[in-house]
Amino acid sequence: MEQLTIRPLAYDDATIAALAELIVETVAHGGSVSFMHPFSMEDARAFWQSSLHAAGEGSRIVLGAFLDGALAGTLTLLLECPPNQPHRAELAKMMTAVTHRGKGIARALALEAEKLAKQHGKSLINLDTAEDEGAAGLYEKLGYIRAGLIPDYALKPHGGLTGTILYYKRI
Ligand SMILES: CC(C)(COP(=O)(O)OP(=O)(O)OC[C@H]1O[C@@H](n2cnc3c(N)ncnc32)[C@H](O)[C@@H]1OP(=O)(O)O)[C@@H](O)C(=O)NCCC(=O)NCCS
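Residues numbered from 1 in each chain as written. Predicted model: local features only at pLDDT ≥ 70, side-chain atom pairs only at ≥ 80, totals over all residues. Heavy atoms only, no water.

## Description of the UniProt feature "domain: N-acetyltransferase" (unreviewed entry) in the protein
Piece 1. UniProt's entry tags residues 4–171 with the feature "domain: N-acetyltransferase" (unreviewed entry), counted in the numbering of this structure.
Piece 2. Annotated as 32% helix and 35% strand, the span residues 4–171 places its first and last C-alpha atoms 24 Å apart. (UniProt positions renumbered as here; feature names shortened; annotations may be inferred. Helix = DSSP H or I, 4+ residues; strand = E, 2+ residues; numbered from the N terminus.)

This is the structure:
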């Protein structure tokens, strides 16, 4: 049986390369994670370099899910909110490698992020997900409450507008 481990990621070239492959694949398969297809490996690496740099400064935690030692999923916990929202954190960039979907990796990542958010004194988590081909069902299973829908919010990776659904959870 494959062994799943989840841990915060630090800045190093191998980690950035693995994260870049994961996000390029996610976007190519229509995952709404802020980018358009084709998303180049160079731009993907630049994104993760910046994200892991921010993680190094403590403003976010980039979690990696590893199956038998290989990166199979990721989720970012954004800890830095405006001064009047010190109790809030945001989930972003949730993705599981296509071949490993349906194995509970996203659920495990979200639960670990919630645990870490609590440890950082957070009591409220929010996120948004695409209306078309997004992960609304996943978040609802995890107890997130639908706050509303903004129509025509973003382009899908292969074009065409989709709405975004806003969710929150008190932790
Ligand atoms: C959404 C995504 C992260 C789910 O990853 P995953 O590891 O396959 O999810 P899990 O196996 O942990 O699923 C946990 C539960 O949520 C359900 N679920 C997962 N994704 C779902 C979706 N898109 N819609 C509805 N339900 C979903 C699963 O069926 C499972 O239910 P169960 O516990 O009753 O069996 C993955 O499909 C993905 O990377 N998608 C592309 C990127 C994306 O859309 N990310 C979300 C950005 S907000």
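## Notes on the pattern of salt bridges
Piece 1. On inspection of all chains with the given rule, the structure shows 5 salt bridges.
Piece 2. For K115, the salt bridge identified is with E112, shortest N-O distance 3.4 Å. Placement of the pair is K115 and E112 together in helix 3 (residues 105–119), with a separation of 3 residues, close to one helical turn.
Piece 3. The partly exposed category is assigned to K115, whose relative accessible area is 44%.
Piece 4. Taking relative accessible area as the criterion, E112 reaches 19% and is therefore assigned buried.
Piece 5. Taking the shortest distance from any N to any O, the salt bridge between K156 and D132 comes out at 3.1 Å. Here K156 is found in the loop between strand 6 (145–155) and strand 7 (161–170), whereas its partner D132 is found in the loop between strand 5 (124–130) and helix 4 (136–141), with 24 residues between them in sequence. (Salt bridge = Lys/Arg side-chain N within 4 Å of Asp/Glu carboxyl O. Buried < 20%, exposed > 50% of the residue type's maximum accessible area, 1.4 Å probe, protein only.)

## Some thoughts on the site of the ligand
Piece 1. Close to the ligand lie 21 residues, the nearest being M94, T96, G102, G104 and R107.
Piece 2. At 2.8 Å from a nitrogen atom of the ligand is found a main-chain nitrogen or oxygen belonging to M94.
Piece 3. A distance of 3.2 Å is found between an oxygen atom of the ligand and a side-chain nitrogen or oxygen belonging to R101.
Piece 4. Elements supplying a minimum of two residues to the shell around the ligand: strand 4 (88–96), helix 3, strand 5 and helix 4.
Piece 5. Sorting elements by how many residues they give to the shell around the ligand places helix 4 first, with 4 residues.
Piece 6. Residue composition of the shell around the ligand, by class: 7 nonpolar, 9 polar and 5 charged. (Near = heavy atom within 4 Å. Polar contact = N/O pair within 3.5 Å; in protein donor to acceptor, adjacent residues only side chain to side chain. Nonpolar A, V, L, I, M, F, W, Y, C, P; charged D, E, K, R; others polar.)

## Describing the sheet that holds strand 4
Piece 1. Read across the open sheet, the 7 strands follow the order 1-2-3-4-5-7-6; overall the sheet is mixed. The open sheet has two edge strands with one neighbour each: strand 1 (4–8) and strand 6. Mean inter-strand twist for the sheet, computed between neighbouring axes without regard to direction, equals 25 degrees.
Piece 2. Its contacts with the sheet put helix 1 (residues 13–28) on strand 3 (70–78) and strand 4, and the angle it makes with strand 3 is roughly 85 degrees. (Pairing = 2+ DSSP bridges. Axes fitted to C-alpha atoms, helices over the stretch in contact; angles between N-to-C directions. Contact = heavy atoms within 4.5 Å.)

## A closer look at the pairing of strand 6
Piece 1. Alignment of strand 6 against strand 7, held across 7 bridges, turns out to be antiparallel. Considered in strand 7, the bridge of A154 is made with T162.
Piece 2. With antiparallel pairing between neighbouring strands as the criterion, strand 6 and strand 7 make up a hairpin whose turn holds 5 residues, including G159 at a positive phi of roughly 100 degrees.

## Things to note about the nonpolar core
Piece 1. Judged by nonpolar contacts, the single largest core of 26 residues is most densely connected at L75, L77, L91, M94, L109 and Y144.
Piece 2. For this core, the secondary-structure elements that each account for two or more residues are strand 2 (60–67), strand 3, strand 4, helix 3, strand 5, helix 4 and strand 7.
Piece 3. By residue number, the principal contributor to this core is helix 3, which donates 7 residues.
Piece 4. For M94, the residues in contact, after removing those within four places along its chain, are V33, T74, L75, A106, L109, A110, L138 and Y139. (Core = buried A, V, L, I, M, F, W, Y, C linked by side-chain atoms within 4.5 Å.)

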